[in-house]
Amino acid sequence: MTTPRVPTTFTRKVAGGIKTTTTGSLPTNNTTTTTTTTTTAKKLPNGCKISIKNSNLLTSTGLTDLDDIIGGGIPIGSILMIEEDINSSYYMFLLKYFLAEGVLQQQGVFFSSLIGIDPFEILNKLPARITKEEEIEADKNDITNNINTNTNNKQPTDELKIAWRYQQYVSNELSKQQQQQSTSTIMNQTFCHSYDFTRKMNVQSMNPELIHTLSHDAQSQAEGTSPYRNLFLEIQNLVYKYNKEAAMNPDQTRVLRLCIQSFSSPLWSNDEEGVIEFLHALKGLLRSSVCTCVISVPTYIYSGAFVKKIAHLCDTVVSINSFSGLGGETPEQFAEYLGLFNIRKIARLNTLSLSFHPDMLTFVFKMKRRKMCIETIHLPPESSRAGDSKPDNDSNKNKSDQNNNIVSKMKSGSGLLCGGGGGGGSNNNPLDF
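Residues numbered from 1 in each chain as written. Predicted model: local features only at pLDDT ≥ 70, side-chain atom pairs only at ≥ 80, totals over all residues. Heavy atoms only, no water.

Asker: What should I look at first to understand the side chain of Ser269 in this one?
Answerer: Tracing the sequence through the fold places Ser269 in the loop between strand E12 (256-260) and helix H7 (272-287). Exposure remark for Ser269: the relative accessible area of 18% places this residue in the buried category. There is a polar contact of 3.2 Å between the side chain of Ser269 and the backbone nitrogen of Asp271. Sequence-distant contacts of Ser269, that is, excluding residues within four places in its chain, are made with Pro227 and Tyr228. (Helix = DSSP H or I, 4+ residues; strand = E, 2+ residues; numbered from the N terminus. Buried < 20%, exposed > 50% of the residue type's maximum accessible area, 1.4 Å probe, protein only. Polar contact = N/O pair within 3.5 Å; in protein donor to acceptor, adjacent residues only side chain to side chain. Contact = heavy atoms within 4.5 Å.)

The following block contains the structure:
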């Protein structure tokens, strides 16, 4: 008696969601059935996108210029460290951009500052959102006003030079912004908004259920307890809450933004070991959550070795330094800028090598009337630099040589993406990077 042969089933995946199943017992009797299945892409959280470089989930810093130079945005589950400047508070603009973007994207926002500042004082001064049309119109007016001002200050013989410098710049800037606007409209993307610091965000538009703060009072702190431990426990409970909500409703996942001002300041605590333990625990907590964190650190008060330890535990490290904080006069070649913006470290998540290599590590920043701008360093031609038109004057010549020396150091600097931030204990000139 012959035992019947069991049919063999083969399943082949075809592009487009079509599965072809072939079943047969003998080569002469084959049956083919085609089943069409519909697959829906998983919805991304608000204000997030997938990186085309390493497939990481990214969220915006709130400033398009900063997103572009760090690889498209902040990876979810990572820590961005901002090195504060000694003589200015420009880092606060970056923190406000980060918080304002979280509010508009209906994401969770946590802010803490244990230096005697009420967190709501910062939240009540967040910049208001403006549309792309308003931003283009404002930039057009600012550029036109700058051209008129410079034209009035120049002699008639310089009119051709002014026209050559600014006419093409205006057209390029406006065309680039219009192209970005059309691309954003086509793709229906709201990854990063535009903001106006001359106006304040309406506090009534904030969802109180998504705003979380933590203030610290040194007098109420129990003796022997570390403020970093209390801060971590508060963040841990908040992260678990958002992770639980994301597990229950995957289609309504919310990203939690953590923002900590002047972290590791002596006004918090002098416990350096507590700082390292906190960052270790926070990094492990964020890796398994839909959260991202931005901290600002006053690195100028610590030794270089301690700063390197902190930078090693953070994924992305940037520094912002005004020319006044670097010491000396502002070079005339950079009269329109306020300082330098440096990339110290680029995030490397789920990879052993850098998937994003920035073209350069040093940028310059300036404050316009409405917003902050981070730009690539552009130097005018040698013959048009200040001080070159009067070589016979010894004072002008010495000043020009000094400025050119600074510029040459800036142009020749390379830096390391894996190096820690600058801090105390270094004998190098701050402009040597």
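From this point on, the discussion continues.
Asker: Even after reading the chapter, I still don't get the environment of Lys368, so can you show me in this structure?
Answerer: Here Lys368 lies in the loop between strand E16 (362-367) and strand E17 (372-375). On the accessibility criterion, Lys368 (28% relative accessible area) is partly exposed. For the pair Lys368 and Tyr337, spaced 31 residues apart in sequence, the C-alpha to C-alpha distance is 9.9 Å.

Asker: Any chance you could explain the sheet that holds strand E5 (residues 57-59) here in plain terms?
Answerer: Where strands meet in a sheet, backbone hydrogen bonds hold them as pairs that are either parallel or antiparallel. One open sheet holds the three strands; their spatial order is E4-E5-E6, and the pairing between them is antiparallel. At either end of the open sheet lies a strand with only one pairing partner, and these are strand E4 (48-50) and strand E6 (74-75). Here two bridges tie E5 to E6, and the two strands are oriented antiparallel to one another. Paired with Thr59 across the strands is Ile74, a residue of E6. (Pairing = 2+ DSSP bridges.)

Asker: Sorry, what's going on with H7 here?
Answerer: Every α-helical turn comprises 3.6 residues, leaving residues that sit three or four positions apart pointing alike. Taking 1.5 Å per residue as the helical rise, H7 with its 16 residues ought to reach 22 Å, and the 23 Å between its terminal C-alpha atoms agrees with that figure. Along H7, the positions that sit buried rather than exposed are Gly274, Val275, Ile276, Phe278, Leu279, Leu282, Leu285 and Leu286. Contacts made by the buried residues of H7 are with strand E7 (79-83), helix H6 (227-248), E12, strand E13 (291-297) and helix H8 (304-313). (Expected span 1.5 Å × (residues − 1).)

Asker: So what exactly am I meant to see when it comes to the sheet that holds strand E14 (residues 316-322) here?
Answerer: The nine strands lie next to each other as E11-E8-E12-E13-E7-E14-E15-E16-E17, forming an open sheet whose pairing is mixed. At either margin of the open sheet sits one strand with a lone partner, and together these are strand E11 (211-214) and E17. This sheet shows a mean twist of 20° between the axes of neighbouring strands, independent of strand direction. Two elements, strand E15 (residues 339-345) and E16, share four bridges in a ladder whose sense is antiparallel. (Axes fitted to C-alpha atoms, helices over the stretch in contact; angles between N-to-C directions.)

Asker: It is not clear to me how the pattern of salt bridges should be interpreted in this structure. Could you clarify?
Answerer: Opposite charge on two side chains allows them to pair when their charged atoms are near. A complete count under the given rule lists six salt bridges for this structure. In this structure, Arg199 and Asp196 form a salt bridge, with 3.5 Å as the shortest nitrogen-oxygen distance. Where Arg287 meets Asp315, a salt bridge forms, and the shortest distance between an N and an O atom there is 2.6 Å. Taken as a pair, Arg287 in helix H7 and Asp315 in the loop between H8 and E14 lie far apart in primary sequence, 28 residues in all. A single network of salt bridges, built from pairs that share partners, joins Asp196, Arg199 and Arg370. (Salt bridge = Lys/Arg side-chain N within 4 Å of Asp/Glu carboxyl O.)

Asker: What should I look at first to understand the nonpolar core in this one?
Answerer: If you look at the biggest cluster of nonpolar residues, it comprises 39 residues, and the most contacted ones within it are Leu66, Ile69, Ile82, Leu99, Leu126, Phe341 and Ile374. The greatest single-element share of this core, amounting to nine residues, is contributed by helix H2 (residues 91-104). Residues in contact with Leu99, not counting those within four places in the same chain, are Val109, Phe110, Phe111, Ile122, Leu123, Leu126 and Cys259. Among the nonpolar cores identified, the runner-up in size contains 37 residues, and Leu114, Leu258, Val307 and Val317 belong to it. (Core = buried A, V, L, I, M, F, W, Y, C linked by side-chain atoms within 4.5 Å.)

Asker: In this structure, what is going on with the packing of H6 against H7? I would like to understand it.
Answerer: Two quantities define a packed helix pair, namely the angle between the helix axes and the distance between the axes. Orientation of H6 relative to H7, taken along the N-to-C sense of each, is 5°, at an axis distance of 10 Å. Considering the angle they form, H6 stands roughly parallel to H7. Seen from H6, the contacting residues are Tyr228, Leu231, Phe232, Ile235, Gln236, Val239 and Tyr240; seen from H7, they are Gly274, Val275, Phe278, Ala281, Leu282 and Leu285. Partitioning the contact of H6 with H7 into residue classes produces eleven nonpolar, two polar and no charged. (Parallel < 35°, antiparallel > 145°, perpendicular 65-115°, else oblique. Nonpolar A, V, L, I, M, F, W, Y, C, P; charged D, E, K, R; others polar.)

Asker: I tried to follow the packing of aromatic side chains on my own but got confused; where do I start?
Answerer: Each aromatic ring pair is specified by the distance between its two centres and by the angle formed by the two planes. Applying the stated rule across the entire model yields 14 aromatic pairs. Arranged with centres 6.0 Å apart and planes meeting at 70°, the rings of Tyr97 and Tyr195 form a pair that is edge-to-face. Separated by 98 residues along the polypeptide, Tyr97 in helix H2 and Tyr195 in strand E10 (residues 194-200) bring together distant segments of the chain. Each of the two residues, Tyr97 as well as Tyr195, counts as buried. Between Phe232 and Phe278, the ring centres sit 6.3 Å apart and the planes meet at 85°, which makes this aromatic pair edge-to-face. Of this pair, Phe232 sits in helix H6 while Phe278 is found in helix H7, placing the two residues 46 residues apart along the sequence. A relative accessible area of 16% places Phe232 in the buried class. Judged by relative accessible area, Phe278 falls into the buried class, the value being 3%. (Phe/Tyr/Trp six-rings, centres within 6.5 Å; stacked < 30°, edge-to-face > 60°.)

Asker: I tried to follow unusual backbone geometry on my own but got confused; where do I start?
Answerer: In most cases, non-glycine residues show a negative phi, while peptide bonds are predominantly trans. In this structure, Gln106 is a non-glycine residue whose phi angle is positive, near 55°. With respect to the helices, strands and loops of the structure, Gln106 is situated in the loop between H2 and strand E8 (108-112). Phi is positive for Ser262, which is not a glycine, with a value near 50°. A relative accessible area of 6% places Ser262 in the buried class.

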